Amino acid sequence: MSDPDAHLLIVDDDERIRGLLQKFLMRSGFLVSTARDAAHARRVLSGLDFDLIVLDVMMPGEDGVALTRSIRETRTTPILLLTAKSETDDRIAGLEAGADDYLSKPFEPKELLLRINAILRRMPDVPAGETAPKLLTLGPIRYDIERGEMWRGEEPIRLTATESHLMRIFAAKPGEALSRTRLVEDLGRDRSQSQERAVDVQITRLRRKIEDDPKQPRYLQTVRGAGYMLSPD
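So, how was this worked out
- Residues numbered from 1 in each chain as written.
- Predicted model: local features only at pLDDT ≥ 70, side-chain atom pairs only at ≥ 80, totals over all residues.
- Heavy atoms only, no water.
- Helix = DSSP H or I, 4+ residues; strand = E, 2+ residues; numbered from the N terminus.
- Buried < 20%, exposed > 50% of the residue type's maximum accessible area, 1.4 Å probe, protein only.
- Contact = heavy atoms within 4.5 Å.
- Areas by Shrake-Rupley, 256 points an atom, 1.4 Å probe, with all protein chains shown as cover.
- Pairing = 2+ DSSP bridges.
- Axes fitted to C-alpha atoms, helices over the stretch in contact; angles between N-to-C directions.
- Lys, Arg positive; Asp, Glu negative; His and termini not counted.
- Salt bridge = Lys/Arg side-chain N within 4 Å of Asp/Glu carboxyl O.
- Polar contact = N/O pair within 3.5 Å; in protein donor to acceptor, adjacent residues only side chain to side chain.
- Right-handed = clockwise from strand over helix to strand, strands pointing away.
- Parallel < 35°, antiparallel > 145°, perpendicular 65-115°, else oblique.
- Left-handed = near helix turned anticlockwise from the far one by under 90°.
- Nonpolar A, V, L, I, M, F, W, Y, C, P; charged D, E, K, R; others polar.

An unreviewed UniProt entry lists the protein under the name Two-component system, OmpR family, phosphate regulon response regulator OmpR, with Roseivivax sediminis given as the organism.

Next up, the structure:
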């Protein structure tokens with residue numbers, strides 16, 4: 001059994017692997033966010049707390065071992081490294097950097113699930129009231145990812161079912177542009193121009209609730225030629 005409250009971050013430069021792991025782990029009961037490289041992971045980590053990070057070692061630029069070492073300077077979040085290398089020296093380097101476990105590619109998804117659950121079981125229970133809130137901050141707006149609730153100060157902001165679904169989709173990939181086609185698919189709708197236009201309408205309505213100036217959005221941005229992107233503080 002997977003911890004239904006656990007929020008995982010998948011960091012891998014391979015889009016196909018990222019997507020496959022996210023879908024598999026979400027089906028296994030986890031809340032899953034993704035990042036495409038170390039820089040993207042830093043932006044995501046600046047706005048969210050996670051229960052475990054699954055981190056690919058062989059990434060362009062800053063690799064997984066270096067990022068692990070950097071994360072360990074400020075966080076104790078468990079880290080599971082994915083590596084194509086099986087040499088002892090590479091495994092030791094990752095563990096010395098602060099990783100909790102490693103898994104060599106290629107691997108069976110079920111083995112990854114078993115490793116994740118084993119790490120989470122080893123983590124000490126945090127007393128009630130001491131768990132860091134899993135929130136996104138959008139200026140004066142707070143969005144609780146797990147509960148799907150949005151607040152401006154002490155006042156709740158009422159979201160429609162579709163707006164709430166869109167916020168969950170964006171919150172899983174902060175700082176990443178999502179195309180209208182992707183949003184239509186993630187909303188579980190058939191691809192069509194009319195559905196893409198419907199997404200545009202929903203985005204406009206959502207902006208009215210979270211932006212000071214919906215015509216010049218700061219947090220729910222339009223990325224020319226790419227789609228829409230949630231850019232939290």
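Now that the structure has been shown, we can carry on.
K.L.:
I keep staring at the overall build of the protein and nothing clicks. Help me out?
P.N.:
For the protein, the helix and strand inventory stands at eight helices and 11 strands. In the protein, which comprises 233 residues, the proportion classed as buried is 44%. The contacts in the protein between residues at least 6 apart in sequence include a share of 58% that link residues at least 24 apart. For the protein, the accessible surface area stands at approximately 12,500 Å², while carbon and sulfur atoms represent 49% of it.

K.L.:
Before we go on, may I ask you to explain the sheet that holds strand β2 (residues 31-35) in this structure?
P.N.:
The strands making up a sheet associate through backbone hydrogen bonding, with each pair oriented either parallel or antiparallel. The five strands lie next to each other as β2-β1-β3-β4-β5, forming an open sheet whose pairing is parallel. The strands lining the two open edges of the sheet, one partner per strand, are β2 and β5 (101-104). If you compare each strand with its neighbour and ignore which way they point, the axes differ by 20° on average. Relative to β2, strand β1 (residues 7-11) runs parallel, the two being bridged by five bridges. Bridge pairing in β2 places H7 opposite L31.

K.L.:
Is there a simple way to explain the side chain of E211 in this structure?
P.N.:
Looking at the secondary structure, you find E211 in the loop between α8 (193-210) and β10 (220-223). The side chain of E211 sits in the buried core without any salt bridge; R207 is the nearest counter-charge, 5.3 Å away. A distance of 2.8 Å separates a polar atom in the side chain of E211 from the backbone nitrogen of Y219. Not counting residues up to four positions away in its chain, the partners in contact with E211 are P217, R218, Y219 and L220.

K.L.:
Mind showing me how you'd approach the pairing of β1 here?
P.N.:
Moving residue by residue along a regular strand, the side chains alternate between the two faces of the sheet. For β1, a buried count of five out of five residues is recorded, marking the element as mostly surrounded by other parts of the structure. Residue alternation in β1 divides its side chains into two sets, H7, L9 and V11 and L8 and I10, and both sets are buried. Since β1 and β2 lie parallel, the crossover through helix α1 (residues 15-27) that links them has a hand, and here it is right-handed.

K.L.:
How do you make sense of the packing of α1 against helix α5 (residues 109-122) when you look at a structure like this?
P.N.:
If you want to describe how two helices pack, look at the angle between their axes and the distance between the axes. Relative orientation of the contacting elements α1 and α5 amounts to 60°, with a least axis distance of 11 Å. By the angle between their axes, α1 is oblique relative to α5. Considering the relative orientation of α1 and α5, their crossing is right-handed. Residue-level contacts link L21, F24 and L25 of α1 to P109, K110, L112, L113 and I116 of α5. The residue inventory of the contact of α1 with α5, partitioned by class, reads seven nonpolar, no polar and one charged.

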